Amino acid sequence: MSENIKNDVDGDGRFVANPTAGNWERETLEKLVFATIKERRAARRWSIFFRLAFLTVVVVGLWTYFDLSFGSDDENLGRHTALIEINGEIEAEGSGAADNVIPSLNKAFADAGSAAVVLRIDSPGGSPVQAGIIVDEIRRLKRGYPDKPLYVVVDEICASGGYYIAAAADRIYVNKASIVGSVGVLMDSFGFTGTMEKLGVERRLLTAGANKGFLDPFSPQSDKHRAHAQEMLNEIHQQFITVVRAGRGARLKETPDMFSGLYWTGAKAVDMGLADGYGTVDTVARDIVKAEDIVDYTAHEGLPERVLKKFGASVGEGAMKAMSRTTLPKLN
């Protein structure tokens, strides 16, 4: 008989309690219980994680679906006023980019239910290239849809590249305090040559091509480069003036300052023929278009882009692009 069993039997052959007997059974049972609890907790955590992940995928999918499908050609919207918004600078990205504005224009003009297209512009200007591409597309669409007018409504400001686009519209409506005009072109940069000399810094620029260092901010600006840059600006300026004259026609009351780069209040712009009257998107839709239902055709950013921008993922890239664009001509 084992020692444990012997210790559990008294002299009369009766079993008695042994305080040390069965400890290993309790310890084993406790370990099993704790292991089971931990396993269940881990399983519960993973279950919650997968449920949240699934929910996130569903939300993103639905959001993307509605972003992409809103205003689709298959949707019968009835008679309405089509709205497209341009906010901020006219550049290769954002609401003022040709890649975003042109698809919206095409969709708005092509929709049988849209009685007119309204561009709401709040922009200080920007790239003459992007503005020019948008203007060319507006002209093409107006030829293809001669019975569908395009109106511009100005919010705070419609200057330079913003007005470049607005000039292609059938009519321009402003607030009396809006800022309008600035028909001019600029090319800005910095010169650090004097500072570098004071600090004893030498600029070592090697180029293949006599003019490859054109407008390098760390090198002296030559008369030849200055004249060449001015010639480019004058050419782009003339393109701008041509667009304004073609769009506004006999409504313009030209003065020596009209194309000098100055800007005016909305009230003065109406007097000068740069704008046609006062109005908002709502009043234009109601009183001019006679279609109070307004449908937004603006190409909005999707959820991924908004999230990335919120957390600053594109800050570095944007800074580098901004630096590389400092010497490009601007309608600003």
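Residues numbered from 1 in each chain as written. Predicted model: local features only at pLDDT ≥ 70, side-chain atom pairs only at ≥ 80, totals over all residues. Heavy atoms only, no water.

Colleague: How do you make sense of the packing of aromatic side chains when you look at a structure like this?
Modeller: Geometrically, a pair of aromatic rings is defined through the distance of the ring centres and the angle of the planes. Under the counting rule described, the total for this entry stands at three aromatic pairs. Measuring from centroid to centroid gives 5.8 Å for F109 and Y145, while their planes differ by 40 degrees, and the two rings are tilted. Of this pair, F109 sits in helix α3 (residues 98-110) while Y145 sits in the loop between α4 (128-144) and β3 (150-159), and the two are 36 residues apart along the sequence. Both rings, one in Y151 and one in Y173, keep their centres 6.1 Å apart while their planes meet at 80 degrees; by these two values the pair is edge-to-face. One end of the pair, Y151, is in strand β3; the other, Y173, is in strand β4 (residues 171-174), and 22 residues separate them in sequence. Judged on exposure class, the residue Y151 and its partner Y173 are both buried. (Phe/Tyr/Trp six-rings, centres within 6.5 Å; stacked < 30°, edge-to-face > 60°. Helix = DSSP H or I, 4+ residues; strand = E, 2+ residues; numbered from the N terminus. Buried < 20%, exposed > 50% of the residue type's maximum accessible area, 1.4 Å probe, protein only.)

Colleague: What should I look at first to understand a positive patch on the surface in this one?
Modeller: A grouping of K38, R41, R44 and R45 is seen on the molecular surface, where their side chains present a positively charged patch. Mapped onto the fold, R41 is located in helix α2 (residues 23-69). (Patch = residues over 30% accessible without salt bridge, like charges linked within 9 Å, V, L, I, M, F, W, Y side chains within 5 Å. Areas by Shrake-Rupley, 256 points an atom, 1.4 Å probe, with all protein chains shown as cover. Salt bridge = Lys/Arg side-chain N within 4 Å of Asp/Glu carboxyl O. Lys, Arg positive; Asp, Glu negative; His and termini not counted. Charge placed at Lys NZ, Arg CZ, Asp CG, Glu CD.)

Colleague: What is the right way to look at helix α7 (residues 223-248) in this model?
Modeller: Since the α-helix packs 3.6 residues into each turn, any two residues three or four apart lie on the same face. Across its 26 residues, α7 extends 37 Å between first and last C-alpha, which sits within 8% of the 38 Å expected from 1.5 Å per residue. Along α7, the residues that are buried comprise H225, A229, L233, I236, F240, I241, V243, V244 and R248. Each element contacted by the buried residues of α7 is listed here: α4, α5 (161-166) and β4. Among the residues trailing α7, G249 stands out with phi positive, at a value near 60 degrees. (Expected span 1.5 Å × (residues − 1). Contact = heavy atoms within 4.5 Å.)

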